[in-house]
Amino acid sequence: MVDILEVIRSSGGARITELMRDANMPYDRLMKYLRELEDKGLIVKRGNVYHLTAKGVKFLEEFDRIKKFFDAFGIEI
Amino acid sequence: MRIPLYLTLPFDIGSGIVAFLVGYYALKAYRFSGRFSLLLFSIGFIVLASSFVGRGVVLSSVLVSRPTIALAKLIAANAFLVSIIFELLAYVLISVSYCSVLKEKVGTKVGTIAPTAIPLVLSVNIVICVVNLMLLLFIVFSQAMVYLGSKKRSSLLVLFAFTSILTGQLLHLTALLFLTPLIYVMSRVVCFIGFLIILYILYVVTPREKA
């Protein structure tokens with residue numbers, strides 16, 4: 001799910017086909033995760049494009065910080 | 001010169017708070033990734049936090065309630081024994097967590113810690129202290145491997161932090177062997193410096209580091 005958020009962040013908004021290609025995920029699983037992310041308020045769909053919400057941006061910043069901290073210990077998240 | 005042991009209070013409580021923060025973030029990371037090594041890491045640091053804070057709380061209660069000297073000594077001795085057992089458990093968990101880190105990085109199975117030959121005449125405190133020292137040596141070695149692989153500044157700082165905690169443990173053992181309160185207080189200070197480095201990494205270094 002974090003992969004999906006990162007793809008949306010790096011491209012400033014992404015369509016389903018771009019997400020399937022860049023997050024390397026089959027359609028069914030991708031749709032399931034997108035629904036979950038929308039329910040959690042981390043992404044929002046405008047037309048055919050998914051965007052990060054403010055909550056999603058904050059979530060990714062927190063994730064990045066935790067990831068970098070544990071990188072220092074050699075632990076990959 | 002008599003050294004009051006309650007001088008270690010702020011260092012124990014401070015170290016405990018930082019250890020708890022690390023455990024909390026490890027738990028968050030475990031929830032993101034589901035990696036078992038992160039869960040072990042988290043529990044290890046939370047147990048370590050409990051050890052430091054527990055010792056601090058007991059010392060504070062003795063200070064506040066001012067029981068007889070004999071009772072104070074008995075309470076302190078038992079509290080130290082319990083806290084050092086907790087430390088042992090914590091370092092075991094953190095070492096096991098590093099085993100899986102090394103296994104991923106080096107690609108071979110890293111063996112379990114070999115038992116040391118411990119003379120029977122040593123007291124329980126000293127025995128556990130020696131085992132903690134061996135575990136910390138393994139943790140420092142593992143972190144050195146991590147740093148050599150990544151060459152990141154934050155990894156080097158973690159190495160310094162664990163080396164500081166190891167040095168604190170060595171001083172602790174020295175204090176137990178020679179019964180010198182001053183060296184014991186120094187051991188808590190050195191250990192606390194290690195945790196301060198981890199706090200620095202958490203709030204200063206990693207937000208600035210590039211992914």
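In this report, the structure presented in the accompanying data block is examined. (Residues numbered from 1 in each chain as written. Chains lettered and ligands numbered in written order. Predicted model: local features only at pLDDT ≥ 70, side-chain atom pairs only at ≥ 80, totals over all residues. Heavy atoms only, no water.)

## Details of the packing of helix α1 (residues 2-11) of chain A against helix α4 (residues 54-71) of chain A
All names here are of chain A.
Consideration 1: Remark: α1 packs on α4, axes separated minimally by 11 Å, with the N-to-C direction vectors making an angle of 115°. Considered as vectors, α1 and α4 are oriented roughly perpendicular to each other. Considering the relative orientation of α1 and α4, their crossing is left-handed. Of the residues in α4, those touching α1 at Val-2, Leu-5, Glu-6 and Arg-9 are Phe-59, Leu-60, Phe-63 and Asp-64.
Consideration 2: Partitioned by chemical class, the residues of the contact of α1 with α4 number 5 nonpolar, no polar and 3 charged. (Axes fitted to C-alpha atoms, helices over the stretch in contact; angles between N-to-C directions. Helix = DSSP H or I, 4+ residues; strand = E, 2+ residues; numbered from the N terminus. Parallel < 35°, antiparallel > 145°, perpendicular 65-115°, else oblique. Left-handed = near helix turned anticlockwise from the far one by under 90°. Contact = heavy atoms within 4.5 Å. Nonpolar A, V, L, I, M, F, W, Y, C, P; charged D, E, K, R; others polar.)

## A closer look at the pattern of salt bridges
All names here are of chain A.
Consideration 1: A full pass over the atoms with the stated rule returns 9 salt bridges over all chains.
Consideration 2: Between Asp-64 and Arg-9 there is a salt bridge, with the nearest N and O atoms lying 2.9 Å from each other. You can see Asp-64 sitting in helix α4 and its partner Arg-9 sitting in helix α1, a full 55 residues away along the chain.
Consideration 3: Note on Arg-9: relative accessible area 37%, which makes it partly exposed. (Salt bridge = Lys/Arg side-chain N within 4 Å of Asp/Glu carboxyl O. Buried < 20%, exposed > 50% of the residue type's maximum accessible area, 1.4 Å probe, protein only.)

## Considerations on the interface of chain B and chain A
Consideration 1: Facing the 30 residues of chain B at the interface are 15 residues of chain A.
Consideration 2: Carbon and sulfur atoms make up 70% of the area that chain B and chain A hide from each other, which totals about 2000 Å².
Consideration 3: In terms of surface lost to chain A, no three residues of chain B exceed B:Tyr25, B:Phe32 and B:Thr206, which account for 27% of the buried area on that side.
Consideration 4: Here chain B and chain A share 2 salt bridges between them.
Consideration 5: The salt bridge partner of B:Lys28 is A:Glu62, with a shortest N-O separation of 2.4 Å.
Consideration 6: Looking at the side of chain B that touches chain A, the elements with two or more residues in it are α1 (9-33), α2 (36-65), α3 (69-106), α4 (124-150), α5 (153-178) and α6 (181-208) of chain B.
Consideration 7: The biggest single contributor to the side of chain B that touches chain A is α1(B), with 7 residues. (Buried area = accessible area lost by both parts, 1.4 Å probe.)

## Digging into the side chain of A:Thr53
All names here are of chain A.
Consideration 1: Here Thr-53 shows up in the loop between β2 (49-52) and α4.
Consideration 2: Here the side chain of Thr-53 touches Gly-41 through a polar contact of 2.5 Å, landing on its backbone oxygen.
Consideration 3: Every residue in contact with Thr-53, bar those within four places of it in the chain, is listed here: Gly-41, Leu-42, Ile-43 and Val-44. (Polar contact = N/O pair within 3.5 Å; in protein donor to acceptor, adjacent residues only side chain to side chain.)

## Details of unusual backbone geometry
Consideration 1: We note that A:Asn24 has phi near 55°; this positive angle belongs to a residue other than glycine.
Consideration 2: The class of A:Asn24 is exposed, set by a relative accessible area of 67%.
Consideration 3: Within the chain, B:Lys151 stands out as a residue other than glycine whose phi angle is a positive 55°.
Consideration 4: Mapping B:Lys151 onto the fold places it in the loop between α4 and α5.

## Some details on the packing of α1(B) against α2(B)
Residue and element names in this part refer to chain B.
Consideration 1: Between α1 and α2, the least distance of the axes is 7 Å, while the angle of their chain directions is 155°. Classed by the angle they form, the pair α1 and α2 counts as roughly antiparallel. The interaxial crossing formed by α1 with α2 has left-handed handedness.

## A short note on empty space enclosed by the protein
All names here are of chain B.
Consideration 1: This model, assessed by the stated rule, comprises 1 cavity of 30 Å³ or more.
Consideration 2: By volume, the largest cavity is sized at about 30 Å³.
Consideration 3: Lining the largest cavity are Arg-55, Val-58, Leu-59, Ala-76, Ala-79 and Phe-80.
Consideration 4: Elements with a minimum of two residues in the lining of the largest cavity: α2 and α3.
Consideration 5: Considered class by class, the residues forming the lining of the largest cavity number 5 nonpolar, no polar and 1 charged. (1 Å grid on protein atoms, 1.4 Å probe; cavity = no way out; pocket = protein on both sides within 12 Å on 5 of 7 lines; lining within 4 Å. Points joined across faces, edges and corners; volume = space filled by probe spheres on them.)

Any functional reading would require information that these geometric values do not contain.
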